[in-house]
Amino acid sequence: MASEATKRKTRLAPSPTGALHLGNVRTFLVNWALARQGGWDIVLRVEDLDTPRTKPGAIDESIEILEWLGMDWDEGPTIQTDDLSPHRRAVEQLARAGLVYPCELTRTQIAEAATAPHGLENTPDMSNPSRFPIELRPDERPTVFTDVEANWRFVTPAGDVEFEDAFAGAQRFDVLENIGDIVVWTKQGHPSYQLAVVVDDHRQGVTDVVRGDDLLDSAARQLLLYRGLGLTPEPRYFHLPLVVGADGRRLAKRHGDTRVVRCRASGVRAERMIGLMASWCGLARAEMDAEGFAGALEVDKIPHKPIVFTGEDEAWLMSNES
Ligand code: GLU
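Starting from 1, residues in each chain are numbered consecutively following that chain's sequence as written. Selection of residues for local features in this predicted model requires a pLDDT of at least 70, selection of side-chain atom pairs for listing and counting requires 80 or more, and totals for whole chains, interfaces and linings are taken over all residues. Hydrogens and waters are ignored; side-chain quantities use all the structure's heavy atoms.

1. Concerning the packing of helix H9 (residues 270–279) against helix H11 (residues 311–318)
A pair of packed helices is captured by two measures, namely the crossing angle of their axes and the spacing between those axes.
Turning to step 1, where the next piece is worked out: Put simply, H9 and H11 touch, their axes get as near as 9 Å, and they point 155° apart. With respect to each other, H9 and H11 are oriented roughly antiparallel. In the crossing of H9 with H11, the sense of the turn from one axis to the other is right-handed. Contacts between H9 and H11 involve Arg272, Met273, Gly275 and Leu276 from the first element and Asp313, Trp316 and Leu317 from the second.
Turning to step 2, where the next piece is worked out: Basically, the charged four are Asp, Glu, Lys and Arg, the nonpolar ten are Ala, Val, Leu, Ile, Met, Phe, Trp, Tyr, Cys and Pro, and anything else, Gly included, counts as polar. Its residues assigned to classes, the contact of H9 with H11 shows four nonpolar, one polar and two charged. Axes, fitted as lines to C-alpha atoms, cover a helix only where it is in contact. Angles between the N-to-C directions of the axes lie from 0 to 180 degrees. Put simply, DSSP H or I for four residues or longer makes a helix, DSSP E for two residues or longer makes a strand, and each gets a number counted from the N terminus. What sets the label is the angle itself: under 35 degrees gives roughly parallel, over 145 gives roughly antiparallel, 65 to 115 gives roughly perpendicular, and the rest give oblique. We call a crossing left-handed when the near helix sits turned anticlockwise from the far one by less than a right angle, and right-handed when that turn is clockwise. We call two residues in contact whenever any of their non-hydrogen atoms come within 4.5 Å of each other.

Shown next as structure tokens:
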């Protein structure tokens with residue numbers, strides 16, 4: 001039974017689908033620092049479900065980068081695909097409750113069904129291809145989960161999901177309206193990201209989730225899965241704005257090589273990189289180690305808007321001037 005005295009715990013959850021860049025490292029560093037400030041435990045969990053996109057060597061490389069920056073953890077690394085039986089049991093439980101069903105429709109069929117019936121042009125709505133209209137939900141649902149080659153979808157309840165994000169503030173999101181029935185098990189035969197995160201956070205005792213705000217609406221989906229599975233306590237969420245390039249788009253290849261391994265290979269020291277992260281958290285830009293960052297970080301100073309990685313930031317990172 002969870003009690004108020006339950007030890008708080010967070011997770012660092014890198015996905016080995018690409019190299020860590022300055023943006024994700026800033027989120028990890030803030031996550032780590034909040035944990036160290038609050039005395040929370042940390043589990044390192046590698047989220048490798050997206051196996052076709054997993055790059056060879058990326059798991060080891062991500063772990064090495066976090067260590068190089070001075071981060072540590074109390075548990076793990078755990079590798080998500082090592083044991084998918086807890087996720088399967090969760091879908092079996094949902095099936096017994098009549099809360100999931102297999103769906104063999106293609107993306108195009110779903111997009112066609114999502115087209116407004118009275119639209120002048122009968123073009124499929126590909127603007128939000130992940131929206132699954134409720135009309136496609138079958139009335140009859142199996143009560144046993146089977147390995148048919150289909151996406152298994154969760155019967156998303158109607159209405160707004162409301163929650164208080166510890167950084168981003170009050171949130172309200174209508175999952176059924178905007179997303180529809182959530183995929184919990186994919187036709188590739190593994191749990192979806194949404195289900196896996198919920199099952200893993202719960203079984204690993206995670207109480208505090210710190211991550212980028214591109215996942216804010218995922219939090220609403222995840223809360224519905226907590227409720228569908230009857231899991232408590234629900235985690236406290238802390239979603240941070242992303243780091244973007246000068247064009248306002250999230251940091252990616254188009255902004256040059258922002259991979260941390262590349263910076264490190266060209267001689268940037270960890271303290272310098274953390275100094276840049278500090279300036280992205282409302283602190284003075286000065287070299288410091290991870291411990292120093294954890295001591296200096298003040299949540300109230302973290303800007304509530306996207307952080308722009310400028311040419312000037314890059315020049316400072318690559319030089320040795322203070
Ligand atoms: N593994 C995910 C990522 O790297 C994070 C998911 C999460 O924090 O819930 O984007």
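From this point on, the discussion continues.
2. Some details on the site of the ligand
Turning to step 1, where the next piece is worked out: Any residue with at least one heavy atom within 4 Å of a molecule or strand is counted as near it. Taken together, Arg11, Ala13, Ser15, Glu47, Tyr193, Val197, Arg211 and Leu215 are the residues near the ligand.
Turning to step 2, where the next piece is worked out: Tyr193 is positioned with one of its side-chain polar atoms (N or O) 2.8 Å from an oxygen atom of the ligand.
Turning to step 3, where the next piece is worked out: Taking Arg211, its side chain carries an N or O atom lying 2.7 Å from an oxygen atom of the ligand.
Turning to step 4, where the next piece is worked out: Considered on its own, the ligand offers 300 Å² of accessible surface; in the complex 76% of this is hidden by protein.
Turning to step 5, where the next piece is worked out: Here the shell around the ligand is built from residues that sort into four nonpolar, one polar and three charged. What qualifies as a polar contact is a pair of N or O atoms within 3.5 Å, subject to a donor-acceptor requirement within protein and to the restriction that residues adjacent in sequence count only when both atoms come from side chains. Accessibility throughout is a Shrake-Rupley quantity obtained with a 1.4 Å probe, and a residue counts as covered only by protein chains that appear here.

3. Quick word on the pairing of strand S10 (residues 236–240)
Turning to step 1, where the next piece is worked out: Relative accessibility decides the category of a residue: with a 1.4 Å probe and only protein chains considered, values under 20% of the type maximum give buried, values over 50% give exposed, and everything between is partly exposed. Of all five residues that make up S10, four are buried, and the element is covered over most of its length.
Turning to step 2, where the next piece is worked out: Strand pairing is assigned whenever DSSP detects at least two bridges linking the two strands. In this structure, strand S9 (residues 208–212) lies alongside S10, joined through five bridges in parallel fashion. Pairing of Val209 across the sheet is with Tyr237, part of S10.
Turning to step 3, where the next piece is worked out: Here the term right-handed applies to a crossover when the path leading from its first strand over the helix to its second strand runs clockwise, the strands being oriented away from the viewer. Following the backbone out of S9, through helix H7 (residues 216–229) and into the adjacent parallel S10, one traces a crossover that is right-handed.

4. Let's talk about the nonpolar core
Turning to step 1, where the next piece is worked out: Grouping buried Ala, Val, Leu, Ile, Met, Phe, Trp, Tyr and Cys residues that are joined through side-chain atoms within 4.5 Å yields what is termed a nonpolar core. Residues Leu22, Met273 and Phe293 are the most contacted members of the largest nonpolar core, which totals 48 residues.
Turning to step 2, where the next piece is worked out: For this core, the leading source of residues is helix H1 (residues 22–38), giving nine residues.
Turning to step 3, where the next piece is worked out: Not counting residues within four places of it along the chain, the set of residues in contact with Met273 comprises Leu22, Trp68, Leu69, Val260, Cys263, Val268 and Leu317.
Turning to step 4, where the next piece is worked out: Core analysis: the second largest hydrophobic core is formed by 31 residues, Ile182, Val184, Ala220 and Leu224 among them.

5. Examining the packing of H1 against H9
Turning to step 1, where the next piece is worked out: Closest axis-to-axis distance for the H1/H9 pair is 10 Å, and the angle between their directions is 80°. Relative to H9, the element H1 lies roughly perpendicular. Contacts from Leu22, Val25, Arg26 and Leu29 of H1 reach H9 at Met273, Ile274 and Met277.
Turning to step 2, where the next piece is worked out: When its residues are assigned to classes, the contact of H1 with H9 shows six nonpolar, no polar and one charged.

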